[in-house]
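Structural overview
Below, each chain spelled out in residue letters.
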Amino acid sequence: VTTTKRTQQLGQTTCPYCGVGCGVDVIRQQDGRNASLKSVAGTPEHPANFGRLCIKGTNLLQTNGAENRLLSPSVAGKNVSWDTATGLVAEKIKDVIAKHGPEAVAFYVSGQLLTEDYYVANKLMKGYIGSANIDTNSRLCMSSAVAAYKRAFGEDLVPCSYNDLEHTDLLVLVGSNAAWTHPVLFQRMERAKLRNPDLNVVLIDPRATDSSTLADLHLPLKPGTDAALFNGLLHFLVTQGHTDNTFIADSTNGFEAAVENASVWSTAAVANYCDLPEASVIQFYTMFAKKTTAITFFSMGINQSTTGVDKGNAIINCHLASGKIGKPGSGPFSITGQPNAMGGREVGGLANMLAAHMDIDNAEHRKNVQTFWQSPVMAERQGLKAVDMFERMAAGDIKFVWIMATNPVVSMPNRPQIEAALEKCETVVVSDIVANTDTLAFADIVLPATGWSEKDGTVTNSERRISRQRGLLPAPGEARHDWQIICDVAGKMGFADSFSYAHVSEIFDEHTRLTTYKNHGERALNLCGLSGMTVSEYDRLSPTQWPVADATCQGTERLFSDGKFFTADRRANFIAIQPAAPAQLTCEAFPFVLNSGRLRDQWHTMTRTGKAAKLFRHTAQATLAMHPDDAEKLSLKEGDLAALSAASSGGMTTILPVTLETRQRKGEVFAPIHWSKAWGSHCQIGALFNGANDEISGQPELKHAAVAIQPAAFT
Ligand code: SF4
């Protein structure tokens, strides 16, 4: 009789869902040759969550099973060896470059990738293929905030830390249902309010979401009018004498022009335009003006808009005018949706950026990065942002696309066009962990990747904190790490010397060295203090907020404390804002405004959270939230099926059961983003948005579609 030796060991990693970036303690069990995960808990000492996890985090093991995984590379549905699969990918890329040039190649990547995966994908595309056609599903998440920060501060910089929540007297939540989308952070807000009787919370959202439970004041503004609301606040601060004139004079540019543009926004004008009681507008403005500290916490309701960048800058303007920035408890704080949206930004994983926060439009920056990489070519201009990428693909200009760790058929707007684009593209490669995405149906080559608990690397959360994700289990089947797949393809394209990393830590090290490469000038993204780590030091890396200027630096909690920014003259820029209406306006044929968003317990297109029965207890199915008065006019009752269509939906109708909610404004409806055909659902929310996007950031509108609704008739 032989007995199998069983051992248990604690592993520490990071949650793979939202941008809060919670630390997770995992008990790993080894039974002879079999390893498994026995339990998860929040890491008590992780500064993002101090031991807490939300329901998605606590159910990580239920969503991490072996079922429904991609286990072998395949070509045209037949399993092949890795050598054949990556050889074919390399051959297809080279062939398209030879026939059509590098601009006919595209990568569409994801905020689910780790920083190291992102780094090599960006390096291969921009420095070796020679195009900047690499964009990411983070384009749908925070690219408007990135552009707003860059316009104001000269670099994509989030000034605040979660710790600031404990130092503020005013928390303004705008376009954010943090109670559902960033639950652990919301719990921290709740505790901050309990501890600090002076803390007021203002919720600015057309819907009275669950986040309104914390709010002293809710402003249910008309969708899309946020820029006018904040222009009005700027005007109020100026006219009521609540500006920080020393800070404005010493540390900013453009104040007068911004104030001039805001001057028409009296409280009465704002109330009228935003459809709010004037008394509520004055109450909010007075709170912001009189409190010595304030954090404006903004998210998708601001970013996912055709004027998302302007909305972000309208918010930032108010913090600059009142000097509420660079101090404990103050600042405009964009919260990212995905676990590594921030890490992707650091390594240039967007079509309009270079690695290390370098500018692709700057010839010197391009030369620096090319010299550092010693690469044969360098992308010379911005590439195609997500919406444009699929538009050009549908037009036949993109001949090869490699989609990594994302499901654009469901998550992108204008589903008919995304499907047409993937049909048209000569070669579609999909690397993913799961076997049931709507996008896989279009793949010519499928590459199985490792996922959470299997792969090693780093992620950066919304407060600039770099944390380790750690590989605790072996790869299932033949799955490989994304960075290995990318490097293998690069090697087969003839670039083995530049993509031969023995360990993922070598990629991280290269990334840190690039941030401080000569001639970059003074940049905030400085990871010098994390350079030169051994493999074991990298493995022990504790959560650290960048900048990390040298080896003695423990990280940087807050930016701009010295009143210096990262523009050429080190001053922040006010941006003069002219509020504009959303692109998809209602009309007689499409009279309802559709808003979309996340549910509390689901994630993106449910490829992982859909595995856990427990995560359907809160909301079992997608529904259409509608005001009872609207439902009555349409002869719809609670639970009746409603059919939604939009001018852009190409005949696709979304059918959802109705829930009656008085917290909806009349004429406006809300539906969740998660369901799709893969779930046997008639819910295809992406098909109802037409792809209109912000002309600066390229972030598509996902909060304001014009739709027709009628009782669904099945035949
Ligand atoms: Fe994961 Fe976000 Fe929940 Fe934290 S709050 S456990 S990061 S989903």
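Throughout this description, residue numbers start from 1 for each chain and increase along the sequence as written. In keeping with the predicted nature of the model, local features appear solely for residues at pLDDT of at least 70, side-chain atom pairs appear and are counted solely at 80 or more, and the whole-chain, interface and lining totals rest on all residues.

What about the sheet that holds strand β3 (residues 34–42)?
Heads up, the condition is: DSSP-based pairing: two strands are paired if at least 2 bridges between them are found. A helix here means a DSSP run of H or I that spans at least four residues, while a strand means a run of E at least two residues long, and both kinds are numbered starting from the N terminus. Geometry is summarised by axes, namely lines fitted to C-alpha atoms with helices restricted to the contacting stretch, and by angles between N-to-C directions that run from 0 to 180 degrees.
Here we have three strands laid out as an open sheet, ordered β1-β2-β3, and antiparallel in their pairing. Because the sheet does not close on itself, it has two edges, and the strands there are β1 (6–14) and β3. Sheet twist, expressed as the average angle between the axes of neighbouring strands with direction ignored, equals 25 degrees. As paired elements, β1 and strand β2 (residues 23–31) share nine bridges and run antiparallel to each other. Opposite arginine 6, over in β2, you have aspartate 31 as the bridge partner.

Observations regarding the pairing of strand β26 (residues 705–711)
Sheet analysis places strand β21 (residues 592–597) next to β26, joined by three bridges and oriented antiparallel. Residue pairing in the sheet places phenylalanine 592 in a bridge with valine 707 of β26. Note that strand β23 (residues 641–646) and β26 share five bridges and pair antiparallel. Counterpart to alanine 642 in the pairing with β26 is proline 711.

So, the domain arrangement of the protein
Interface size is commonly expressed as the accessible area that is lost once the parts come together. So the rule is basically this: Either an automatic procedure or a domain database provided the assignment from which the domain bounds are taken. By the convention adopted here, residues make contact when the C-beta atoms placed from their backbones lie within 7 Å. The nonpolar class holds Ala, Val, Leu, Ile, Met, Phe, Trp, Tyr, Cys and Pro. Asp, Glu, Lys and Arg form the charged class, and all remaining residues, Gly among them, are polar.
Segmentation of the protein into domains returns domain 1 (6–58), domain 2 (74–140 + 341–497), domain 3 (143–335) and domain 4 (592–711). When each unit is reduced to the centre of its C-alpha atoms, the spacing between domain 1 and domain 3 is 34 Å. At the interface, nine residues of domain 1 touch eight residues of domain 3. Residues of the side of domain 1 that touches domain 3, tallied by class, amount to six nonpolar, two polar and one charged.

Side note on the site of the ligand
Heads up, the rule is: The criterion for a residue being near a molecule or strand is a backbone-placed C-beta atom within 6 Å of that molecule or strand.
Around the ligand lies a shell of 14 residues, among which Cys15, Cys18, Cys22, Cys54 and Gly57 are the nearest. Within the residue set of the shell around the ligand, elements represented by two or more residues are α1 (55–58) and α6 (183–195). When the residues that make up the shell around the ligand are grouped by side-chain class, the tally is nine nonpolar, four polar and one charged.

With respect to the sheet that holds strand β13 (residues 331–334)
Spatially, β10-β9-β8-β12-β13 is the arrangement adopted by the five strands of the open sheet, whose pairing is parallel. Only two strands of the sheet have a single neighbouring strand rather than two, namely β10 (217–219) and β13. In this sheet, neighbouring strand axes are inclined to one another by 15 degrees on average, regardless of whether the strands run parallel or antiparallel. Strand direction decides the pairing type here: strand β8 (residues 170–174) and strand β12 (residues 295–298), joined by four bridges, are parallel. By the bridge assignment, valine 174 is partnered in β12 with phenylalanine 298. Helix α11 (residues 278–290) rests against β8, β9 (200–204) and β10 of the sheet, and its axis sits at about 120 degrees to β10.

Concerning the UniProt feature "domain: 4Fe-4S Mo/W bis-MGD-type" (unreviewed entry) in the protein
Formally: UniProt positions are given in the numbering used here, feature names are shortened, and annotations may be inferred rather than shown by experiment.
Mapped onto this numbering, the UniProt entry gives "domain: 4Fe-4S Mo/W bis-MGD-type" (unreviewed entry) at residues 8–68. Between the C-alpha atoms that bound residues 8–68 the distance is 27 Å, and the span itself is 7% helix and 41% strand.

Re the pairing of strand β18 (residues 465–469)
Using the following cut-off: Exposure criterion: with C-beta atoms placed from backbone coordinates, a residue whose C-beta has 20 or more other C-beta atoms within 10 Å is buried, one with 12 or fewer is exposed, and one in between is partly exposed.
In terms of residue burial, β18 counts as a mostly covered element, since five of its five residues are buried. Residues Arg465, Ser467 and Gln469 point to one face of β18 and Ile466 and Arg468 to the other, with burial holding for every one of them. Two strands pair when backbone bridges link them, and strand β17 (residues 457–460) and β18 are joined in this way by four bridges, in the antiparallel orientation. Across the sheet, threonine 460 pairs through a bridge with isoleucine 466, a residue of β18. Linking β17 back to β18 in an antiparallel pair, the connection comprises four residues, with arginine 464 at a positive phi of about 70 degrees. With two bridges connecting them, β18 and strand β19 (residues 544–545) associate as antiparallel partners. Each residue of the ladder has a partner; that of arginine 465, found in β19, is glutamine 545.

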